[in-house]
Structure formats: structure tokens, C-alpha cells
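Examining the three-dimensional arrangement
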Amino acid sequence: MEPRLVAALQQIVGPAHVLTEPRHLLVYSYDATIQPGQPEVVVLPRTAAEVSAILKLANREGVPVTPRGSGTGQSGGSLPMGGIALVLTRMNRLKEIDPGNRLAVVEPGVITAHLQAAVEAQGLFYPPDPASAKVSTLGGNIAENAGGPRCLKYGVTRDYVLGLEVVMPTGEIIHTGGRTVKNVSGYDLTRLLVGSEGTLGVVTEIILRLIPKPEAFRTALAIFPRLDDATAAVARTVAAGITPTALEIVDQHSLRAVENYLHVGLPVEAEAVLVLEVDGFAETVDRQMQTAAAVCRESGASEVRVASTAAEREEMWVARRSVSTAITQAAPTKIGEDITVPPAQVPEMIRRLQWLREKLGLSLVVFGHAGDGNLHPNFVIDGRDPAQLKTVEAALAEISRLALGLGGTLSGEHGIGTLKAPFLEWEVGAGGIEVMRRIKRALDPNNILNPGKMRLDESIAAAPPGGADG
Amino acid sequence: MAEARPVPEGWGRFPSPPAPVEPALDIALLDQCIHCGFCIQACPTYRDLGVETASPRGRLAMMKAVAQGQLAPDDGFAAEMDLCLGCRACESACPSGVQYGLALEQARALAARTAPPPLFKRLTLRLAFRRLLPHAGRLRLLVALLGSAQRTGLLRLVTRLLPGRWREQALALPPAPGAAARRELAAALVEGPAAGGPRVGLFRGCIQDALFAGTNAATVRLLQATGCGVTAPPQAGGGAQTCCGALAAHGGDREYARELARRNIAAFAGYDLVVNNAGGCGAMLKEYGHLLRDDPVWAPRAADFAARVRDISEVLAERGLPVLGPLAQRVTYQDSCHLHHSQRVRQQPRRLLQAVPGLRYVELKDADRCCGSAGIYNLTHPEMAGRVLAEKMDNAAATEAEVIVTSNPGCLLQLRLGLQRAGLADAVQVMHLADLLDAARSADKA
């Protein structure tokens, strides 16, 4: 990056917060995918005013800016394509918790789990629980409309954002929404921005909705000799009028990997297990669980183990959470998908994934949030083998096609980013892409903010297409 | 609309990585990192500085780039490797099983060659790691001098000539053990196993033995009370035990660490168990297999040795405690990073403390977070160590504990310093787990 631009940035945030050494550029070039990015300079602002000044400078000079939190995204959203990596982790104050109005006001760099602990200490609850909650930032969660197991019952990040302070791509600072749940004043800019993957504005303050903390939980592990029975149980549990707070599926391949790693006596002969959790008032949780357990048994579960202590509950969740852990022990490169289908289509989607696994002969495990149809098929390969990489790329396209064919979506919670950008048009159509492009152009006429993501700007049109779609 | 920008190679797809060029770094180890970032919030330096270069994921990325010839292992790289505490909390947080501690040692060994520290520092560390720590006699002499300086008040006088933080450290040192303590330890070490019990070799450690001979004696008595027969290889002459080599290895001198490892492996042949009471040493001893992996003669012996190493808390938890008398104190526990994260000994010390009658145990918030001692880190990076320690003291104060128990001499010294700085040295004491349990054992006899 030109020295005079570096100097201008140093003027805005102070020299200590402008990083230019090769090792700094290296460590801000990646996220949690294995794709590369390439910043030319790294800037860590502290205030919205600084962010505004940086974006105005970027517009004048035609320099791209890519916002970033902890860099734990799963779709390439924070990978810089040249230009400035705008790291928001210094903006990490938890400004306010308002129990009377059930809201919290935070800066984008606050770690999600820190917010959750702080509000739970006051009897409140922030439900969205992405797996990365201990390390990801709320700003990042908002950029990708993060999900998690609890979203089945409680909804996603978007449902908990009441208002934002945001710096527009051209540098103006605006406020969207407010401190009330009901708000119909003008276009719903808050909703436009949540999930916009850092391409329409940089969020500098967030007003979050909170709910009361549930009083009690019951957790169970339901063991299914047949995979089809497990997936049928998912649909029937929801139909029985129970809304579990989590309904997760772990297939046999995942189970075997976990058992191989943890050696805790998991039922590896089963084709699938469901991890099920209900919450609510102490008087109702047992009844909810009994209903859910009955549904599982009627659907063919050989056993339903209900946790009777906090330690047992933790063991069940460890089995589910360890899948990512366990599968990478076998081979170092894990490439995961995030497709979501309507819940009643989960059985068919899983059948199609099994067909794909046989056809490709690659290691593919399936686990995820079965209750809302959000599945995570994960390929586990040797990333150093170009042939395997090519096969996986083709497979990702195929999985996307299968999901869309069942009325589903490419991404339930990770976002489109770079990874799924080639397939976006299949889902939203040419017309949809055109509307999105117009919005992008209108708000970011110089295409400064996070260019290249979702293929919404012409600058990336010439890039080689990812996937077999070619 | 801006013109099309050059697209980074591999954009939006999965690029094939370049072939490794730096043989000193194990690329297979580094490839295990999947960039998920789950480690970064477990890392004390990342939490303090908030920049990715100060995180385990960042350090691994730099190591990998060096391994692939894309980043120079220069002074900047060396500084980043040095900034790491080596606490390995990241290993506990990592879903992929990345052996970060090993990678760090390799990186530091490389940096010691490609970006060596200033001559003065190199010589001082070499002197300390090679000429002092492995020589029990010299250490004892130093400690004896310290003891006289403490007792005569000479220490207070002399330290006035030192810069502030050195003075502070010196004054926070515990009373040096005298000849009586060493005789006590010698008396405790008797020949022959108790009927049916394992033959245990006591690993005395360097600093541990010199400064805390009493803790070693307590350790021996506890082991004997559970039916073990405890002896210790001598500290000089043929078949002698010596420093475990952790400080040398962590400082990048793996070759010398290997020499020390071979000596220890030879000294402890024939014991059923090798028991130590220092989390940092125990972790190093258990990793002798990795250290000597490429030595065809010693590799199998090292693996065999490592499998016989135990922390005192592991042995007591497995064999059962002797009868304990009451200790009516409010107690909390600070994990030794290497005991908790490297050795994965987490519950045993807590269960042992909770088994003491009358003892009120309070869990310390973030007990598994480093205290800032980290070998000699508190001497080389005093500001970072100080900030980490300050947070630790806040958490300790919140427990209102009268005693902080720990399992490593470095932690013990650091916590004493912290209490002194926080003005809590009169209200709160720091004790080794073995000393507390031994006190409870004696309380029963009383």
C-alpha cells in the first residue's frame, strides 16, 4: 500500500493501530475456511467516527475495505481482496444491559459468549448460539445472520436485532431501528443489513433484544438403529406440538469418528442419534420431554436416554459438539456445507447425501440442526491432493443443486461469501441477483465495501467460477 | 464503478498449497490447524493485545508460512514466537488436536538460528540452562547464599541497587530452605518398596529441589503413606538425575534438552513410576518420546520412560489418600498450565483438596488461565506477565480464599509476587498441593 495512504490511515487511528508488516498481512488474510485473502494493510479502529473517516478516504482513493471481527467465518466473508482489512475487535464494549426494556447495547467486537454470560447473570437470555459463540463477535454474527442449535425454537440473529448504528459504504453514519420491538418507520434497513455480509455497511453499535432466561432444561439422546427412523422422528416431534430448543442429528459416520476420538461408549451400531433438548418452566419440561421421548420411541428409537444430572447433559452435548473435532483427526482438511431444506424434506436430503457419498467414494459425514432442516454435510479429505479438492468442489455444486431441488436454500447460517457465490443465481434467479446488485450499487457506488463477495459486483465477474458449474 | 481488481490466486476456491521448504518445521503438524479460531479466546496474549499475530492461530499461520518459504524467520517472527507464554491453553481449546507446544518449540529452535537474540542474552541463558540448572550443587550454593542474605537482612540492602522489578521479585522469594530441610528429605527417602506397592523414583527437579526441598519431602511422605516405596537417583555422579530440560527446550535449545533427557531416562530405568510434583517438569518428562523421536537408540527408551511419569496428584487420586486430619481453611486452586493443558490432569488436584475434612474449597474463576510465570517469561516479558498476573489476583481476591494452592514452583513464585503487589501477602498464602495434603496428614496424627 502506498506510504501516503498508510500515513493517512495512521492519522485517523494512530500509528499503533495500522499494521503493515508481512506477518500482519498474513494473519489477517484468512478466516475459518481454507481459502486465501490478501490485505494490503490492516487497520484497527476504535470509534464509529474513525470508521467513517476510513471509508471516506477509501472512497476518495478507490481502495477496497473488508470488515472483520474474529475471522471465524465459514464462507469467506471476511477475506480481503486487496485493500484494507478493517478489524473491529477493539470496538468491544458492552455498553448497556437494560433489564426493564429487555435489551442490551453492544459494540460489534463483543464476543457473543461474553454477552450471553453477562445477560444470563441478570436472568436474561440471548438465544442465538452459533458453534463459534466463544470466539466469534456479535458484529460478525450480524453480518452472516448466524444461527446455531437454539434457532429452531428461538429464531436467528436477525430476530434479535432491534437497531443498529452503521457507517454506510460512503462514510455517512446512520441509525436504523431503535429500542422497541415494534417499529415500522420507513424501510426496515436493520433487516437489510443483517446478513448482508459486510457489503452494505459497517456496523458500529448494536441494540439487541433479550428474553427471560429459561428456568429449566431437559436433554436426551435418542438412539436409532435406522437412519430413516431418526429423520422421521424429527418431523414427527415437531408435528406433536413440541418445539424443542434443540434437535440435532449425528449420523453413524460422525458417531464412529467421535467414539474413535473420545472413547466414551457411544452407540456406534446405531445409524443415527438425535440430541434433543427442551426448556421452559420447571413444571412443563418433564411433560415436554416425555412427549418427545414417546415420539422417538414410536418412530423406532431403540433407546431414549434422558439426562438426570448437569454432567450427563454435558456429556450428550459433548458428543454432538465433538463431531468437528473428531472428524479432523482422521484427515486434516474439512470442507463443510450449510444447506437447509424444509424440515419435512430432511429424510430425503439425507438419503441424497448418502447416494452422493457412495457415488464419489469420499469421506462425507452428516450432522446438524435437523429440527430446522439445517444440515452440515462435511467432506474430510487431504487438502494437499488437488484431485480430491476438485472432486469436493464438484460435490459442493451437486449438494447445492440437491438442496435447492427440495425447496431449500444454499446457506442456513454461514452465508454465501465466496464459497457459495457461484450458486447464488440458482437460488435467487437472475432477477433476484439484479435487484441485489442494484441495491449494492446504490449504497456503494464506488464498490469499496467488501468487494467480490456473493458475486454482486462486476469486479469479480471475470474471476474463474468455483465448482464444476464452470 | 471501480475497474476490475486483480483477484488473489485461488480466490473462492481451495488452492493447492506450495511444497514445504523448511525442514526444521514439521508441516504435517502445522497442517492440522483448520483455522477455526477456537483457540484465540483461550490465549492470554490475544486477550491482552487483541491482534491476531498474538494468537495461537496467528502464530501457527506464521510458522506455516515460514515452512513454505513465504515468510522470513526474521527478528519480527522471533519476537512473535517469544511473546507466546507457552501455556498451551490453546491445545485444550483446539478441536483439531493441533500439538501447538511442539510446533512452538520447533519454531523457537529455528528462530534461535535464523534470528538469534543479542549475544548478552544468549550467553546468559546458555549459562543458566547449561551451567547452572542441571547442577544441583551449584544451585544449592546459590540458594544457601540467598538464605543467608534473607536471614541477615543483606538481601533488602543489596536489592536496593537493583531496578524496581528485580527488587520486587527478589523480595517475593520464599525463605530459602536450610540444611535441615534437606536432611528431612534425605531421611524421608528409604530403601525398598512397601509390600505390594510400586517402586517410585522421585524426580527432584532443579528449582523445585533447591528452593522447595520441603515440598519434595512432603511428596515422599505422601507417596509412602499410600504404600509406595520411594527412592531418588542421586543428583551428581553416575546415574544421576538432572534438570528436565523444559526451559532449554522452550527457549529453542532442543539439542541440549535431548542431552538432559537421555541422562534422566538412564537414571530412572528400573522404577515402576517416576513421580514429580512440578507441572512444568512433568509435562516435559512426558514428552521425552517426542523429543527423542528421531534417535533410533533412545526413542523406544524415551517412550517407555514417558509412560511411567506421573504427577503426585495422579498417584494420590489413583491409590487413594492416606487418612487426613481437618484443615479449617478457605482454599482455592490455581492450575499449573502444563499440568492442566499439557498433561490433562484437571480434576485430580481438585478432588484431593475437596477430600480434606473441614476444608472449604472455592473454585477460582479462570483457574486454568496462566498466572504469567511461564518459565522465565515473567523475566523476559514483565509487562505482559504483570497484566496477566493482575487479572489473576482480582480473581483470587474474589474467592476470599486464605490459601491459594498450586502444583508448580514457577506458579508459586509468581503468585507470591502477585499477592505482594496486591497488598494481600499478609492475608493470603500460596502453598503447594503436596505441602497442604501433608499438613492435613500430620493434622490427623496430631
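Residues numbered from 1 in each chain as written. Chains lettered and ligands numbered in written order. Predicted model: local features only at pLDDT ≥ 70, side-chain atom pairs only at ≥ 80, totals over all residues. Heavy atoms only, no water.

This part takes up the overall build of chain A. Counting its secondary structure elements, chain A contains 14 helices and 18 strands. Radius of gyration (C-alpha) of chain A: 23 Å, near the 23 Å computed for a compact globule of 470 residues. For chain A, the spread of C-alpha atoms along the three principal axes comes to 70 × 55 × 40 Å. Counting the 470 residues in chain A, one finds 59% classified as buried. Summed over all atoms, the accessible surface of chain A reaches about 17700 Å², with 52% contributed by carbon and sulfur. (Helix = DSSP H or I, 4+ residues; strand = E, 2+ residues; numbered from the N terminus. Rg over C-alpha atoms; globule rule 2.2 N^0.38 Å. Buried < 20%, exposed > 50% of the residue type's maximum accessible area, 1.4 Å probe, protein only. Areas by Shrake-Rupley, 256 points an atom, 1.4 Å probe, with all protein chains shown as cover.)

A few words on the overall build of chain B. Scanning chain B from N- to C-terminus turns up 25 helices and 8 strands. Relative to a compact globule of 446 residues, whose C-alpha radius of gyration would be 22 Å, chain B shows 23 Å and is just as compact. Overall size of chain B, expressed as C-alpha extent along the three principal axes, is 85 × 50 × 45 Å. Per-residue burial for chain B yields a buried fraction of 56% across its 446 residues. Relative to all contacts within chain B whose residues are 6 or more apart in sequence, the contacts with residues 24 or more apart total 78%. When the accessible area of chain B is evaluated, it comes to approximately 18000 Å², of which 56% is carbon and sulfur surface. Averaging the coordinates of the 50 positive side-chain charges in chain B and doing the same for the 41 negative ones gives two points 5 Å apart. (Contact = heavy atoms within 4.5 Å. Lys, Arg positive; Asp, Glu negative; His and termini not counted. Charge placed at Lys NZ, Arg CZ, Asp CG, Glu CD.)

Residues and elements named next belong to chain A. Spatially, β1-β2-β4-β3 is the arrangement adopted by the 4 strands of the open sheet, whose pairing is mixed. Two strands lie at the open edges of the sheet, namely β1 (18–19) and β3 (65–68), each paired on one side alone. Pairing of strand β2 (residues 41–43) with strand β4 (residues 84–87), which is carried by 3 bridges, proceeds in the parallel orientation. Paired with Val43 across the bridge in β4 is Leu86. Across the sheet, helix α3 (residues 48–61) lies against β2, β3 and β4, angled at about 165° from β4, the strand it touches most. (Pairing = 2+ DSSP bridges. Axes fitted to C-alpha atoms, helices over the stretch in contact; angles between N-to-C directions.)

Okay, the confidence of the model for chain A next. When pLDDT drops low, the exact placement of atoms in the prediction is not to be read closely. Of all residues in chain A, 97% have pLDDT values of 70 or greater, and the mean over the chain is 91. Here residues 460–470 of chain A scores under 50 on pLDDT; set against residues more than four positions off or in separate chains, the count is 20 contacts. (pLDDT = per-residue confidence, 0-100.)

Attention now moves to helix α21 (residues 347–354) of chain B. Of the residues making up α21 of chain B, those classed as buried are Gln348, Pro349, Arg350, Leu352 and Leu353 of chain B. Summarising the contacts, the buried residues of α21 of chain B are in contact with α19 (312–319), β5 (330–333), α20 (337–342), β6 (360–361), β7 (403–406) and α25 (433–445) of chain B.

Moving on to the nonpolar core. In terms of nonpolar packing, the biggest core is built from 54 residues, with Tyr28 and Val42 of chain A together with Leu60, Met63 and Phe77 of chain B touching the most fellow members. Setting aside its immediate chain neighbours within four residues, Phe77 of chain B contacts Arg23 of chain A together with Met62, Met63, Val66, Leu71, Ala72, Ala107 and Ala111 of chain B. Of all hydrophobic cores here, the second largest spans 46 residues; its members include Ala216, Leu274, Ala293 and Ala370 of chain A. (Core = buried A, V, L, I, M, F, W, Y, C linked by side-chain atoms within 4.5 Å.)

All names here are of chain B. One pass over the structure, following the stated rule, counts 7 cavities of 30 Å³ or more. Empty space within the largest cavity amounts to approximately 150 Å³. Along the wall of the largest cavity there are 18 residues; nearest its centre are Cys33, Cys39, Leu60, Cys94 and Val98. If you list the elements that add at least two residues to the lining of the largest cavity, you get α3 (56–67) and α5 (89–93). A class-by-class count of the residues in the lining of the largest cavity yields 13 nonpolar, 3 polar and 2 charged. (1 Å grid on protein atoms, 1.4 Å probe; cavity = no way out; pocket = protein on both sides within 12 Å on 5 of 7 lines; lining within 4 Å. Points joined across faces, edges and corners; volume = space filled by probe spheres on them. Nonpolar A, V, L, I, M, F, W, Y, C, P; charged D, E, K, R; others polar.)

Moving on: the sheet that holds strand β8 (residues 161–167) of chain A. Residue and element names in this part refer to chain A. Here 5 strands make up an open sheet; going across it, the order is β5-β6-β10-β8-β9 and the pairing antiparallel. Only two strands of the sheet have a single neighbouring strand rather than two, namely β5 (94–98) and β9 (173–177). The mean angle between the axes of side-by-side strands here comes to 10°, regardless of whether they run parallel or antiparallel. By the bridge criterion, 4 bridges tie strand β6 (residues 103–106) to strand β10 (residues 202–209) in an arrangement that is antiparallel.

All names here are of chain B. Under the criterion given, the structure shown has 52 salt bridges over all chains. Here Arg262 and Asp295 are joined by a salt bridge, their closest N and O atoms 3.4 Å apart. In this pair, Arg262 is assigned in helix α15 (residues 254–267) and Asp295 in the loop between α17 (288–291) and α18 (299–307), connecting sequence segments 33 residues apart. On the accessibility criterion, Arg262 (22% relative accessible area) is partly exposed. (Salt bridge = Lys/Arg side-chain N within 4 Å of Asp/Glu carboxyl O.)

A few words now on the packing of aromatic side chains. All names here are of chain B. All told, the structure shown has 7 aromatic pairs over all chains when counted by the stated rule. Taking the centre distance of 6.1 Å and the plane angle of 40° together, the rings of Phe203 and Phe268 count as tilted. Residue Phe203 is found in the loop between β1 (199–202) and α12 (207–211), and its partner Phe268 is found in the loop between α15 and β3 (273–276); the two are separated by 65 residues along the sequence. There is no split in this pair, since Phe203 and Phe268 are both buried. (Phe/Tyr/Trp six-rings, centres within 6.5 Å; stacked < 30°, edge-to-face > 60°.)

It is worth spelling out the packing of helix α11 (residues 179–188) of chain B against helix α13 (residues 213–225) of chain B at this point. Residues and elements named next belong to chain B. Packing of α11 against α13 leaves a shortest axis separation of 8 Å and a crossing angle of 20°. Here α11 is positioned roughly parallel relative to α13, judged by the angle of their axes. Classified by chirality, the crossing of α13 by α11 is left-handed. Only Ala213, Asn216, Ala217, Val220, Arg221 and Gln224 of α13 make contact with α11, whose side of the interface consists of Ala181, Arg182, Glu184, Leu185 and Ala188. For the contact of α11 with α13, the class distribution of residues is 6 nonpolar, 2 polar and 3 charged. (Parallel < 35°, antiparallel > 145°, perpendicular 65-115°, else oblique. Left-handed = near helix turned anticlockwise from the far one by under 90°.)

Two quantities define a packed helix pair, namely the angle between the helix axes and the distance between the axes. Residue and element names in this part refer to chain B. Direction vectors running N to C along α3 and helix α4 (residues 75–83) enclose 145°, while the axes themselves pass 11 Å from each other. Regarding α3 and α4, the two cross each other, and that crossing is left-handed. Counting all contacts with α3, which are made through Arg59, Met62, Met63 and Val66, the residues of α4 involved are Phe77, Glu80, Met81 and Leu83. The residue makeup of the contact of α3 with α4, split by class, is 6 nonpolar, no polar and 2 charged.

Our focus in this paragraph is the pairing of β8 of chain A. Residue and element names in this part refer to chain A. Most of β8 is tucked away: 7 of the 7 residues are buried. Across 5 bridges, the pairing between β8 and β9 is antiparallel. What sits directly across from Leu164, in β9, is Thr176. What sits between β8 and β9 in their antiparallel hairpin is a turn of 5 residues, with Gly171 showing a positive phi close to 110°.

Time to look at the environment of Val27 of chain A. Residue and element names in this part refer to chain A. Positionally, Val27 belongs in helix α2 (residues 22–27). Classification of Val27 as buried rests on a relative accessible area of 0%. Sequence separation of Val27 and Val42 is 15 residues, and the distance between their C-alpha atoms is 9.8 Å.

In terms of residue burial, helix α16 (residues 279–286) of chain B counts as a mostly covered element, since 7 of its 8 residues are buried. Restricting attention to buried positions, one finds in α16 of chain B the residues Gly279, Gly280, Cys281, Gly282, Ala283, Met284 and Leu285 of chain B.

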